[in-house]
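Commentary on secondary and tertiary structure
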Amino acid sequence: MTATTAATAAEQTITDARERIDALDDRIIGLIQERMAVSAVVQETRIASGGRRVHLSREMEILGRYRDALGKPGTSLAMTLLELCRGRV
């Protein structure tokens, strides 16, 4: 394999991988939007029944799940996700 062929193969691998990343990002964004909609239903139902908008023990469960699966950065990701879904506390 020549250097030019290797470079072309590498470029194609990178292009293919980036296309897959873009497709994954599209799916992730769609799932986040779906989560936001479901979270809105939970909040509206909780408020309508006299409850509070935010359920802190549930949020702690979510933070723990993300931390356990992804390590410390998972906690930051979960915090961002919670903020997107419920707004700032």
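Values in this document were obtained by computation on a predicted structure and should not be read as measured data.

With respect to the environment of Ser-49
By secondary structure assignment, the location of Ser-49 is in the loop between helix H1 (3-48) and helix H2 (56-70). Ser-49 sits in the exposed class, given a relative accessible area of 61%. For the pair Ser-49 and Asp-25, spaced 24 residues apart in sequence, the C-alpha separation works out to 36 Å. Of note is the side chain of Ser-49, whose polar atom sits 3.0 Å from the backbone oxygen of Arg-46.

Quick notes on the pattern of salt bridges
Pairing of side chains with opposite charge becomes possible as their charged atoms draw close. Scanning all chains against the criterion turns up 3 salt bridges. Notably, a salt bridge pairs Arg-58 with Glu-61, separated by 3.3 Å at the nearest N-O pair. Within this pair, Arg-58 and its partner Glu-61 are both found in helix H2, separated by 3 residues, close to a single helical turn. In this structure, the salt-bridge partner of Glu-59 is Arg-86, at a minimum N-O distance of 2.7 Å. Here the residue Glu-59 occupies a position in helix H2, and Arg-86 occupies one in helix H3 (residues 72-86), the gap between them amounting to 27 residues. In this pair, the class of Glu-59 matches that of Arg-86, namely buried.

Some points on the confidence of the model for the chain
Looking at the chain, the pLDDT average stands at 94 and 99% of residues meet or exceed 70. The least confident element of the chain, judged by mean pLDDT, is H1 at 95; the most confident is H2 at 97.

Considering the packing of H2 against H3
At a minimum axis distance of 7 Å, the contact between H2 and H3 shows a crossing angle of 145°. For the pair H2 and H3, the sense of crossing is right-handed. Seen from H2, the contacting residues are Glu-59, Ile-62, Leu-63, Tyr-66, Arg-67 and Leu-70; seen from H3, they are Lys-72, Pro-73, Gly-74, Thr-75, Leu-77, Ala-78, Met-79, Leu-81, Leu-82 and Arg-86. Among the residues making up the contact of H2 with H3, the classes are represented as 10 nonpolar, 2 polar and 4 charged.

Focus: the side chain of Arg-86
On the accessibility criterion, Arg-86 (12% relative accessible area) is buried. Separated by 2.7 Å, the side chains of Arg-86 and Glu-59 make a polar contact. With near-sequence residues (within four places) excluded, Arg-86 lies in contact with Gln-43, Arg-53, Val-54 and Glu-59.

Reading guide: rules and limits
Residues numbered from 1 in each chain as written. Predicted model: local features only at pLDDT ≥ 70, side-chain atom pairs only at ≥ 80, totals over all residues. Heavy atoms only, no water. Helix = DSSP H or I, 4+ residues; strand = E, 2+ residues; numbered from the N terminus. Buried < 20%, exposed > 50% of the residue type's maximum accessible area, 1.4 Å probe, protein only. Polar contact = N/O pair within 3.5 Å; in protein donor to acceptor, adjacent residues only side chain to side chain. Salt bridge = Lys/Arg side-chain N within 4 Å of Asp/Glu carboxyl O. pLDDT = per-residue confidence, 0-100. Axes fitted to C-alpha atoms, helices over the stretch in contact; angles between N-to-C directions. Left-handed = near helix turned anticlockwise from the far one by under 90°. Contact = heavy atoms within 4.5 Å. Nonpolar A, V, L, I, M, F, W, Y, C, P; charged D, E, K, R; others polar.

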